[in-house]
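The chain contents come next:
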Amino acid sequence: MGSLTAENELDRVDGFESKEPILYVNGVRRVLPDGLAHFTLLEYLRDMGLTGTKLGCGEGGCGACTVMISYFDQNSKKCVHHAVNACLAPLYSVEGMHVITVEGIGNRKHGLHPIQESLANAHGSQCGFCTPGFVMSMYALLRSLKKPPTKEDIEENLAGNLCRCTGYRPIIDAFRVFARTDDALYTHGSSGLSSGEFVCPSTGKPCSCGLNLKGDKECTKTSTNEGDILKPISYSDFDGAAYTEKELIFPPELLLRKSANLCLNGLNGLKWYRPLSLQHVFDIRARYPDAKLVVGNSEVGIETRLKSFHYPVLVHVAHVPELNKLIIKDEGLEIGAAVKLSQLAKVLKMVIDQRTPFQTSSCRSILEQLKWFAGTQIKNVASVGGNICTASPISDLNPLWMAVGARFHISDCRGNTRTCGAENFFLGYRKVDLASNEILISVFLPWNSPYEFVKEFKQAHRRDDDIAIVNAGMRACLEKKDQKWMVSDASIVYGGVAAYSISACETKKFMIGNHWNKELLHGALKILEKDIVVKDDAPGGMIEFRKSLILSFFFKFFLWVSHQMDGLPLFDETVPISHLSAIKPFHHPSIMGSQDYEIVKRGTAVGAPEVHLSARLQVTGEAEYTDDVPMPPNSLHAALILSKKPHARILSIDDIAAKSSPGFTGIYYAKDVPGDNMIGPVVADEELFASEVVTCVGQVIGVVVADTHENAKQAARKVHIQYEELPAVLSIEDAVASGSFHPQTERSLRKGDVDLCFLSGQCDKIIEGEVHVGGQEHFYLEPHSTLTWTIDGGNEVHMSSSTQAPQKHQKYVAHVLGLPMSKVVCKTKRIGGGFGGKETRSAFLAAAAAVPSYLLNCPVKITLDRDIDMMITGQRHSFLGKYKVGFTNEGKILALDLEIFNNGGNSLDLSLPVLERAMFHSDNVYEIPNVKIKGKVCFTNFPSNTAFRGFGGPQGMLIAENWIQRISMELKRSPEEIREINFQKEGSVLHYGQQIEHSTLERLWNELKASCKFLDAREKVEQFNAQNRWKKRGIAIIPTKFGISFTAKFMNQAGALVQVYTDGTVLVTHGGVEMGQGLHTKVAQVAASSFNIPLSSVFISETSTDKVPNASPTAASASSDIYGAAVLDACEQIKAHMEPIASKHNFGSFAELALACYMERIDLSAHGFYKTPDIGFDWETGKGNPFKYFTCGAAFAEVEIDTLVGDFHTRQADVILDLGFSLNPAIDIGQIEGAFVQGLGWAALEELKWGDASHKWVPPGCLYTCGPGAYKIPSINDTPFKFSVSLLKDAPNPKAIHSSKAVGEPPFFLASCVFFAIKDAIIAARAEEGLTDWFPLDNPATPERIRMACFDEFTKPFIHSAFLPNLSV
């Protein structure tokens, strides 16, 4: 095996003996073959068929690949259980360990694990792609603890897992039942166990996770205490009868087995060493001076996978005892370089508990910084030394090591040792004071002395699991001298402001010897401005923000130290009570949610809060997604050849190197397309493969196929293209200035006479302004994927695709192959999230893969890596709105003149209907007598933007709410008053001619104001703001009205096929796609109620173009309406067929009736059809009824911001929607919560940064934020602390099936209440500086925008009060 042969002298001499490398997976022993050093654990598991572990991002940022690893720790003599990211873990790093995946803990056939059962029953799985990762994170937490976790432990543990569907609340509720608060009840008790068996907290069953070879005996009894919100859960609450096995034990072989040195190989000459002693490490380094040492692979893994770095020799030093020391000494703590960050955190907690508080100031600051460092999975593998030696300029720990005076112990291969102070160790960008033959052995952290204070600081885009924008470590030692407290020593160190962590040396000199008072503060701040300089062209941008953070952090440090010293003799620098908010530590309370709805049942199933039909498959990892489909023999993988220029002429293509690449099979360009190379969903204005000119970075030029995914990507990277660069349009403003618009995309709507109103003097005030609306990445957890194959000798083409529009895949593939659509079939089982991103932009990928599949007559799969997916498939449109609004002194709006532009990108795609819906929704819910709206779609040199939940509606409404809020400031009245006096009412005629019917807006508004106690909340916020200078709270309440229907009339049609079998079960096939929204569940409920049978008797297998033809995309929130109606139509037809038989006999069951009908040769299948009536719009006249009805709602939010750094959290969110009589209130609540949290991301977190005039440090036209490392969607800790959702009661909708209403998109915009609550808080902050006039605030309201809008003494040196940070629009 591997090195196990006498490959070289090193291997023979130094004990790399031939011991068989093994691994246990879910209890099964596996021998690891040589040659897989390039493999990750994820690739290995998925190649084995364990596809429950998902590839979401490939960089450890989403948690979808989480598994548990168990190993026997020789130091503690115990089995250790950790959650890790399988996408980053090198396969050989887990040699000798036990890997447990989601398949290993429970399944449908043998019974679900209680964790899986709880998550399914709590509606915690929607699309299901992220679900196995959450299950395994929770499972590993419970297996790793002897005592059950607290609620806070659970939420902190899940910070490394992302979900785009649920809004997290149901996941928290599902897992909270495993948090115990007393010992009264615990899973059957443990009386039946032998005294030596340990009870696993995750199931209450015996296992070896608490194995203690010293003979400790411990049985744990636990329970929950959640009052009337969550009842206690025990194992018996679930169907435990089917799940009788013990937890997978730690394999005895691994307990007895001694580790061996390893030397194994991988592709491209890669060698993988695992030494077990420091001397072995030095021997390897002596032979390979450039060998890369790895522990957790969290940095090297990203470099090799995403940056194409190649390290010929990797040395895995995680098992070297000398590097794993954690020794508590009299002088301090010695920390081995290979010690994991999670291990360090545990020891720091222990030390803090055991030692005198003043000694552990450094420990507390490091522990607090570790909390926000990364997700649990990363901290379980990343090492102290790895983080130090990577020397990242934004390392969270390096500034602290420098500030606390840590000493690094270094040794070379000759045994020479030296000590280097941390402040002298970092020499430049990723450059440290280590010779090629030296290794960092350990870090020595000294205890602190009395009156020595250490504090950590960090500001990131998102609070947890995010890299810093700026961080800092600060230390000050005070001593009494001449009856005053003076600084005897200090250290001020910053990260994120230069190429490496740097010390503010001049500031330190100034502080030492000075008294600790305000003069020191002001003097230090002045020096800091010059001491730490952020260059104007610094990578990462946000220059003014970073400069302000340098000062804000120091100000916070001064206040914190002063507060620590408060009350000591002779110390008189007391912190004013109003200033304490600057240093009050952030405490995240446990998230609590409430859901209020009525159940109006229709028949057996409609109206019931049924669990998602696929939930049990999803929590066990058995649910199959496109990339999970087993590939047929001789299958190939495709990778795209992409443009690297935003606008250029292709001069030449050199693919010789690609053709000689390993595994290469073929390469295809525009000339090879059998049919038509021009494609497009509405207008065929884009090329499948660019032939002469590229118009964006990421445009597809060709496709390579090879035997593996990695080989295909490698071959594609070897294609070299020469360009002649052409001028590029890289913003809406550029497009408007240069007249760059997509042809025939100008639209206008009119009502009344706007110009006359402005001139007539009716308006007491007229305001004009602009609103910039940021884009948003879909970030569905499942990347785009399609598997295409030919059948019948290539006469037909079939595909399995992750798409919202199988018909578009069918159409595109037929078009580019020159085949009739009847010979092309697209099937979709389910997709791992879509949100509009898989409506049209998935189709060109399927077409690209279909070309080689058809020409080679073999199966081809294309699955995009996350960075490529984000770079090339388009996002939510950014918008520019220019408004002019006239109104009275009472706040009554009289006229709106609006011009809006959206950024279409390099092809039209769906940008025109997106613009049109934005224009329809530009009034939101307000009565405006005179309206003039003009819109245009901008052509820019970016990848084509596309549909996204809301489809332009949220952008139009956000522009409206901006000018509403401005009116309130102009008139010195509350925004709520302005909104209320302008509400549309029953019978109102909208600016496009449609009349409001069955309006429930005022009822929703009044119920929400009452339930959130709005006036009381306003009073409390004002009281808080009066008492706190540096933290401010804000509230807002926002309404919405969302039109339901495709605005293109022909798309409002649906088909379904219903088949009844003789056993009484029903198979339904319809044209809609299940993407987590519960469409299949609702449609099955409709069928079950129609036939009066249980829901379990109805099955929906997949969506397929050969069953239901010409289906519209699953979009526009209308799918439940139209497909439910189509299925109902088919059911009614079948019931009519059955009626003669049913009327003659009294059948005991539906199965008996079905069999009797069959015997009488009655047709038990039917095709149902539905077309939405009474809709249509004429753009020539600008009048019509584009929508069947409106879904209305309102939301309230309260936020708190830290004005010094721009951080914020949502303290409370209350949402109410009118959904008529809900088809499934549990699923609808899940849609509301998920849409709200996704909308919160758009409003306040998620920022796209493109290479444009605003971001010159990014290459032109390139997307900087192309992965979870740089692009931050909400995590579990961004969920509102109190999250209440209500459905309006007794409000049937006469215009949709079973009196229900559509839910998918309408709640999204309601999250803008968080944005306007943030602005409300900023208004309070600016008032402290005497700034009371209106000011613009762009979305997303990131920490940068919040901080820079809170103008104060720390921003004045760098900006003016009207400063606006850069935004890619």
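Note that the structure is predicted; figures quoted are calculated from it, not measured. (Residues numbered from 1 in each chain as written. Predicted model: local features only at pLDDT ≥ 70, side-chain atom pairs only at ≥ 80, totals over all residues. Heavy atoms only, no water.)

**Things to note about the sheet that holds strand β51 (residues 1282-1287)**
To be explicit about the condition: We treat two strands as partners when DSSP finds at least two bridges between them. Numbering of helices and strands starts at the N terminus; helices are DSSP runs of H or I of at least 4 residues and strands are runs of E of at least 2. Interaxial angle, 0 to 180 degrees, is taken between N-to-C directions of lines fitted to C-alpha atoms, where a helix line uses only the stretch in contact. Every residue pair with non-hydrogen atoms within 4.5 Å of one another is taken to be in contact.
Read across the sheet, five strands follow the order β23-β51-β50-β49-β41 without closing on themselves; strand pairing throughout is mixed. At either margin of the open sheet sits one strand with a lone partner, and together these are β23 (592-596) and β41 (1031-1044). Within this sheet the neighbouring strands show an average axis-to-axis angle of 10°, counted without direction. Note that β23 and β51 share five bridges and pair parallel. Within the sheet, the bridge partner assigned to Gly-593 lies in β51 and is Phe-1283. The strands touched by helix α30 (residues 1014-1027) within the sheet are β41 and β49 (1189-1202), with β41 carrying the most contacts at an inclination of about 145°.

**Description of the packing of helix α16 (residues 518-531) against helix α17 (residues 543-565)**
Any two packed helices are characterised by the angle at which their axes cross and by the distance between the axes. Quick reminder of the rule: For classification, angles of less than 35 degrees are called roughly parallel, those exceeding 145 degrees roughly antiparallel, those between 65 and 115 degrees roughly perpendicular, and all remaining angles oblique. Helix crossings are classified by the rotation of the near helix relative to the far one: an anticlockwise turn of less than a right angle makes the crossing left-handed, while a clockwise turn makes it right-handed.
The N-to-C vectors of α16 and α17 enclose an angle of 160°; their axes lie 10 Å apart at closest approach. Classified by the interaxial angle, the pair formed by α16 and α17 is roughly antiparallel. When you trace α16 past α17, the crossing you get is right-handed. Counted together, Lys-518, Leu-520, Leu-521, Ala-524, Leu-525, Leu-528 and Glu-529 of α16 and Ile-550, Leu-551, Phe-554, Phe-555 and Phe-558 of α17 form the full contact between these two elements.

**Some details on the sheet that holds strand β9 (residues 271-274)**
Here four strands make up an open sheet; going across it, the order is β8-β9-β11-β10 and the pairing mixed. Both edges of this open sheet fall to β8 (262-265) and β10 (292-294), since each of them pairs with a single strand only. Geometrically, the sheet is characterised by an average inter-axis angle of 25° between neighbouring strands, direction not taken into account. Pairing of β8 with β9, which is carried by four bridges, proceeds in the antiparallel orientation. Residue Leu-264 lies in a different strand from β9, and its bridge partner there is Trp-272.

**Observations concerning helix α32 (residues 1119-1144)**
Applied cut-off: An expected span of 1.5 Å times one less than the residue number is assigned to each helix. To obtain the bend at a residue, axes are fitted to the seven residues ending there and to the seven starting there, and the angle between these axes is taken.
Here α32 spans 37 Å end to end across 26 residues, near enough to the 38 Å set by a 1.5 Å rise per residue. By the largest-angle criterion, Met-1138 marks the main kink of α32, which is about 50°, and a proline, Pro-1140, follows within four residues.

**Describing the side chain of Lys-379**
Relative to the assigned elements, Lys-379 resides in helix α12 (residues 376-379). When sequence neighbours within four positions are dropped, the list of residues in contact with Lys-379 reads Lys-340, Leu-341, Ser-342, Leu-370, Lys-371, Phe-373 and Ala-374.

**Overview of the nonpolar core**
Spelled out, the test is: Working definition of a nonpolar core: buried Ala, Val, Leu, Ile, Met, Phe, Trp, Tyr and Cys residues. They are joined through side-chain atoms within 4.5 Å. Relative accessible area decides the class of each residue, using a 1.4 Å probe on protein chains only: under 20% of the type maximum gives buried, over 50% gives exposed, and in between gives partly exposed.
Residues Trp-963, Phe-1236 and Ile-1318 are the most contacted members of the largest nonpolar core, which totals 110 residues. Counting 76 residues, the second-largest nonpolar core is a separate cluster that includes Leu-41, Val-99, Leu-314 and Val-347.

**Some thoughts on the confidence of the model for the protein**
For the record, the criterion: Think of pLDDT as the predictor's per-residue confidence, scored from 0 to 100.
Overall, the predicted model of the protein reaches an average pLDDT of 93, with 94% of residues at or above 70. Residue range residues 182-204 is modelled with pLDDT below 50. Its contacts to residues more than four positions away, or to other chains, number 72 contacts. Within the model, pLDDT remains below 50 along residues 206-244, and this stretch shows 106 contacts once partners closer than five positions in the same chain are excluded.

**Describing empty space enclosed by the protein**
Note the following rule: Only protein atoms enter the calculation, which uses a 1 Å grid: trapped sets of points that fit a 1.4 Å probe without letting it out are cavities, open sets showing protein on both sides within 12 Å along at least five of seven lines are pockets, and any residue with an atom within 4 Å of a point is a lining residue. Grid points are joined across faces, edges and corners, and a volume is the space filled by probe spheres set on the points. Gly counts as polar in this scheme, as do all residues outside two lists: the nonpolar Ala, Val, Leu, Ile, Met, Phe, Trp, Tyr, Cys and Pro, and the charged Asp, Glu, Lys and Arg.
The final tally for this structure, using the stated rule, is 18 cavities of 30 Å³ or more. Looking at the largest cavity, its volume works out to about 470 Å³. For the largest cavity, the lining is made up of 35 residues, of which Met-1075, Gln-1077, Ser-1117, Gln-1231 and Gly-1304 are closest to its centre. Top element by residues in the lining of the largest cavity is α32. It accounts for three residues. Its residues placed into classes, the lining of the largest cavity shows 13 nonpolar, 15 polar and seven charged. Roughly 180 Å³ of volume is contained in the second largest cavity. Around the second largest cavity, the lining comprises 19 residues; the ones closest to its centre are Ile-996, Glu-997, His-998, Ser-999 and Phe-1190. In the lining of the second largest cavity, the residues fall into six nonpolar, seven polar and six charged.

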